[in-house]
2 protein chains.
Amino acid sequence: MERMRHSASHIMAEAVQHLFPDAKFGIGPTIEDGFYYDFELPRPLTPEDLPIIENEMRKIISQNVPFIADEMSKDKARELFAAQPYKLELIDEIPDSSVTIYKQGSFIDLCRGPHLASTGEVKAFKLTRIAGAYWRGDEKRPMLQRIYGVAFESQEELDNYFSRQAEATKRDHRKLGKELDLFSIHEEIGPGLICWHPRGAMIRQVIEDFWKAEHRKRGYDIVYTPHIAKLDLWKTSGHWEFYRDYLFSPMEIEGQQYMLKPMNCIGHILIYKSKLRSYRNLPLRYAELGTVYRYERTGVLYGLARVRGFTQDDAHIFCRPDQIEEEVLEVLNLIQFMMSSFGFDEYELLLSTRPEKYAGTVSMWEEATGSLKHVLEKLDLHYEIDPGEGVFYGPKIDIKLKDALGHVWQGPTIQVDFNLPQRFNVCYIGEDGLEHNVAMIHRTVLGSMERFLACLTEHYGGAFPVWLSPVQALIIPIADRHVSYAHKIASSFKNDGIRVCVDDRSERMNLKIREAQLEKVPYMLIVGDKEMATSGVSVRLRSGEDLDIKAPTEVKKRIRAAIEARS
Amino acid sequence: MERMRHSASHIMAEAVQHLFPDAKFGIGPTIEDGFYYDFELPRPLTPEDLPIIENEMRKIISQNVPFIADEMSKDKARELFAAQPYKLELIDEIPDSSVTIYKQGSFIDLCRGPHLASTGEVKAFKLTRIAGAYWRGDEKRPMLQRIYGVAFESQEELDNYFSRQAEATKRDHRKLGKELDLFSIHEEIGPGLICWHPRGAMIRQVIEDFWKAEHRKRGYDIVYTPHIAKLDLWKTSGHWEFYRDYLFSPMEIEGQQYMLKPMNCIGHILIYKSKLRSYRNLPLRYAELGTVYRYERTGVLYGLARVRGFTQDDAHIFCRPDQIEEEVLEVLNLIQFMMSSFGFDEYELLLSTRPEKYAGTVSMWEEATGSLKHVLEKLDLHYEIDPGEGVFYGPKIDIKLKDALGHVWQGPTIQVDFNLPQRFNVCYIGEDGLEHNVAMIHRTVLGSMERFLACLTEHYGGAFPVWLSPVQALIIPIADRHVSYAHKIASSFKNDGIRVCVDDRSERMNLKIREAQLEKVPYMLIVGDKEMATSGVSVRLRSGEDLDIKAPTEVKKRIRAAIEARS
């Protein structure tokens, strides 16, 4: 596949050369699902050029000319590419004395290969879009024109790709976030900073309430800590040294430097340290829906999925070293429970090991990594190693959620930390009467409220399960004379803890139903003369299906059951 | 009373003069409940000096010498006070050409009076403490010694004062906050920044859940907005101009200045503005438990009551000008409901008018102030005017809560604002199809979570009502063989939504009961052989009273009833 996509890129380059003989060529690598190539051309391309280039490519493919590799000295290559300044630059940077070229038909490219045997082996492809791209990604170098394409083994796979793409576009949380009025990001406030609108906040509150109740049940204590702290703390912690690129700039108060917290650990450590703790008191589990702020470049920010301010569903477990494995095991159980509660059945586990910049000693790292491996094996969980991707203070288990379209999301994380307890002298009195450093486990079971809502939105395509739906039932009076009956029904549903609204606008019923379907309200209760006469409601689901139950008590029972089943 | 306290201060000065003939005298004013006087003395005073001075004062009082006023030229006064450098400095600053002096026995003071007729009229007094005080509060001037005293009309009143003081000390939320393990403030994080410990956070969560449910019921939408925003927004809003002394210093991100939010209004305004709003959509009520940061000098910070970071139970109501009065009325109803839910029956209402620095026009201020007055009068609520104490953007109603000891706390606030809607062009489409500025109402119904917990703690002396108690029932097994029965009882109580703990330490029952009483746990359930044999529990209240119900289902019913009655 890789080889085919790479060859398609060369064929596209040849097609462009046929159409623009003076074209200067940049590079043309493969990417996920396809390829691109960068060109310097005498005029800007338009979307209308793409079918013309595709046609030219089809000709080259039908001629089925072979790809021929050749090796030559750099000097000879420089002669061959004398009219191609970008290629000359690339040749200069190759450390070897000779270079490889690939040739098909009239087109020769500096390329290490490999390629297909001949152009006829390229099966199904499509050029998708044109973009500007600085040569070598450097904004001081010339802006080239980049053409993107996709290529697959068969037309069917290509068609599948486009329907998946269309589905992904429909489910894009940035698009649905606007349509369902869940959240907004304002240039005036700043990029990466989220305003949660009433409906998004309703979903968040349901998640938070569920999360808090489940944590209390499992022996966690909830705490609150401030969003700023003196910079010195972050120097002691090592964040200033190891994590500085992600920190906001400090601010000054009465000659002291303060910083927005990038993590919640330090507040929890100070609460722990506010009392003498004995081995009998451990483990202590402090949980906080803690909003943290981290710097990310504007370019990488992405809706709710990558932001500058986010609320972690955080907790820190302070335990004895001999309790680590049991605690990690319980956290993994909690994660599995949470994931299935929210409808995620598939996920990948990654064990991230020591990064280049790290705190603590190699032996600490080995011990902690060993504990994590041991638990994963005990639970018989399949995992992969992600080498060097640990946080600076310790190794971690990352869990990536697969949404309904197969996209992978950064989700829960578990991190073992022997480093902060040493730096902050976080101790307990052991059975021996002496002070010992506690072990700390950092963990989230959803990740962050922001990214989790993004993931949920795309997973469900905005049709949230009933228990999470901001509006669970919408009552639609057919005419104005049914409005007061609608409100009566609404207040009886409200009393049963169902989130219900009445669409009492003077609009046609069909328009109201269509809008409710766009808003993905799970239950529409339509009330007109017939319903009033029988003290009933007509129920339509967001799928378009009509239910045959009419008695409000039965409908309430059904909705309550859906809420309680979290389905 | 004022006159008596002032005379007591002169009598104290005379007594000090008898004991230290070289004493130099500063000033001696009255303060709440008493008086002080500042002296320069040849040696530092110790607490043992106070009874000696009191004795000397009693002699002067028993001699019943008259207070005699006299007026004289400044030059004559300068001769009279030639040995008193502080008095000379005061004389120089008096703008009049003559000064008043008061004389009793051998003591003469520069003083405008008035005083009692004679020393014998001073009834009941006590000297309370010694402190250092810079002359004129200026740390570059000499440090004098200050003696504080209190004085009342009768010995009974004096005794009452001291028992009230003792009670206030016992109820001090800073002291109880530590004893009940509710919160901490850490120098390492920074002054005025609160860490909520598990028990304090439990109370906060109960309050927040109650608050959210009540707000949803009353048509509020809950939202979340970020803790930082670009500085420019605070320039547009006027906060930068009018409120700068209370703002944290800005921080920089990618060349842009950002600031911690001192108020939640701007996020709510931008959510409002994310859609076109019609007159039919109004009012919109956005509520947020929003944590804000404001600079206060270290010197004025005070436990939870005055802090630098606090969570307002905030809301902004966007309405048409003709809806203001009804909305303010509903807010006042909500406030009255909230206050009675939390056990506050007495409060004072203050209407604060235009301050010196203000935004908007005088006519806007008059209109808004008029609306507030009108609603207060409609509800027949007694209020006082607090001239010039409005916020820069509008007049406000402040409600001060009276706690069980009669102390007054800053509580809810309602502020009408015609200014921000203009500055941010916050509009709705009227019935006429044209754009109109909305009116905004800023309001809190508790004030802030921090100050409200301080007030609740002192009001209840830490013995929170059952629904707010972090631990509602503590199960105390008498011996180790009763522990598993205790846990069985506990889990049945937990299933009924009662916050229950088991004290399963191997300590004596009496110690466990004593500690539970100190922690002010409302119900102690003691289980031993007798209770296990009858499947019962023995119930002791934190008052020490024993209940005669023993059946766990009855006890649960009783506790549930107390929770539901919020009593």
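Residues numbered from 1 in each chain as written. Chains lettered and ligands numbered in written order. Predicted model: local features only at pLDDT ≥ 70, side-chain atom pairs only at ≥ 80, totals over all residues. Heavy atoms only, no water.

## Focus: the pattern of salt bridges
All names here are of chain B.
Piece 1. With the rule as written, the count across this model stands at 72 salt bridges over all chains.
Piece 2. In this structure, the salt-bridge partner of Glu167 is Arg171, at a minimum N-O distance of 2.7 Å. One end of the pair is Glu167 and the other is Arg171, both in helix α5 (residues 155-171) and four residues apart, which spans about a single turn.
Piece 3. Assessed through its relative accessible area of 25%, Glu167 is described here as partly exposed. (Salt bridge = Lys/Arg side-chain N within 4 Å of Asp/Glu carboxyl O. Helix = DSSP H or I, 4+ residues; strand = E, 2+ residues; numbered from the N terminus. Buried < 20%, exposed > 50% of the residue type's maximum accessible area, 1.4 Å probe, protein only.)

## Re the domain arrangement of chain A
Where interface size is quoted, it is often the accessible area lost as the parts come together.
Piece 1. On domain assignment, one finds that chain A holds domain 1 (2-165), domain 2 (178-460) and domain 3 (473-564).
Piece 2. On a C-alpha basis, the centres of domain 1 of chain A and domain 2 of chain A stand 44 Å from each other. (Domains from an automatic or database assignment.)

## Digging into the side chain of Thr291(A)
Piece 1. Mapped onto the fold, Thr291(A) is located in strand β15 (residues 284-293).
Piece 2. Judged by its relative accessible area of 11%, Thr291(A) falls in the buried class.
Piece 3. Only 2.8 Å separates the side chain of Thr291(A) from the side chain of Thr311(A), close enough to count as a polar contact.
Piece 4. Once you skip the residues sitting within four places of it in the chain, Thr291(A) turns out to touch His227(A), Lys261(A), Asn264(A), Phe310(A), Thr311(A) and His227(B). (Polar contact = N/O pair within 3.5 Å; in protein donor to acceptor, adjacent residues only side chain to side chain. Contact = heavy atoms within 4.5 Å.)

## Here we look at empty space enclosed by the protein
Piece 1. Under the defined criterion, the tally for this structure stands at eight cavities of 30 Å³ or more.
Piece 2. Of the volumes computed, that of the largest cavity is approximately 720 Å³.
Piece 3. In this structure, the largest cavity is lined by 45 residues; those nearest its centre are His227(A), Leu289(A), Thr291(A), Leu289(B) and Thr291(B).
Piece 4. Among the secondary structure elements, those contributing two or more residues to the lining of the largest cavity are β10 (194-196), α7 (198-217), β15 and β16 (309-319) of chain A together with β10 (194-196), α7 (198-217), β15 (284-293) and β16 (309-319) of chain B.
Piece 5. Class assignment of the residues belonging to the lining of the largest cavity gives a composition of 21 nonpolar, 13 polar and 11 charged.
Piece 6. Roughly 110 Å³ of internal volume is contained in the second largest cavity.
Piece 7. For the lining of the second largest cavity, the residue count by class is seven nonpolar, two polar and four charged.
Piece 8. Per-domain counts for the lining of the second largest cavity show at least three residues from each of domain 2 (178-460) and domain 3 (473-564) of chain B. (1 Å grid on protein atoms, 1.4 Å probe; cavity = no way out; pocket = protein on both sides within 12 Å on 5 of 7 lines; lining within 4 Å. Points joined across faces, edges and corners; volume = space filled by probe spheres on them. Nonpolar A, V, L, I, M, F, W, Y, C, P; charged D, E, K, R; others polar.)

## Quick word on the sheet that holds strand β13 (residues 251-253) of chain A
Residue and element names in this part refer to chain A.
Piece 1. Here three strands make up an open sheet; going across it, the order is β12-β14-β13 and the pairing antiparallel. Every interior strand has two partners, whereas the edge strands, β12 (228-230) and β13, have only one. Strand-to-strand twist across the sheet, computed as the mean angle between neighbouring axes with direction ignored, equals 40°.
Piece 2. In this sheet, strand β14 (residues 256-260) lies alongside β13 in antiparallel orientation, the contact comprising three bridges. Bridge assignment links Ile253 to a residue of β14, and that residue is Gln256. (Pairing = 2+ DSSP bridges. Axes fitted to C-alpha atoms, helices over the stretch in contact; angles between N-to-C directions.)

## Topic: the packing of aromatic side chains
Piece 1. Under the counting rule described, the total for this entry stands at 46 aromatic pairs over all chains.
Piece 2. Between Tyr243(A) and Tyr246(A), the ring centres sit 5.3 Å apart and the planes meet at 40°, which makes this aromatic pair tilted.
Piece 3. Note on Tyr243(A): relative accessible area 13%, which makes it buried.
Piece 4. Measuring from ring centre to ring centre gives 5.1 Å for Tyr37(B) and Phe39(B), while their planes differ by 15°; the resulting arrangement is stacked. The exposure classification of Tyr37(B) matches that of Phe39(B), with both residues buried. (Phe/Tyr/Trp six-rings, centres within 6.5 Å; stacked < 30°, edge-to-face > 60°.)

## With respect to a negative patch on the surface
Residues and elements named next belong to chain A.
Piece 1. Taken together, the side chains of Glu153, Glu156, Glu157 and Asp159 make up a negatively charged region of the molecular surface.
Piece 2. If you trace the backbone, Glu157 turns up in helix α5 (residues 155-171).
Piece 3. Overall, the relative accessible area of 32% leaves Glu157 in the partly exposed class. (Patch = residues over 30% accessible without salt bridge, like charges linked within 9 Å, V, L, I, M, F, W, Y side chains within 5 Å. Areas by Shrake-Rupley, 256 points an atom, 1.4 Å probe, with all protein chains shown as cover. Lys, Arg positive; Asp, Glu negative; His and termini not counted. Charge placed at Lys NZ, Arg CZ, Asp CG, Glu CD.)

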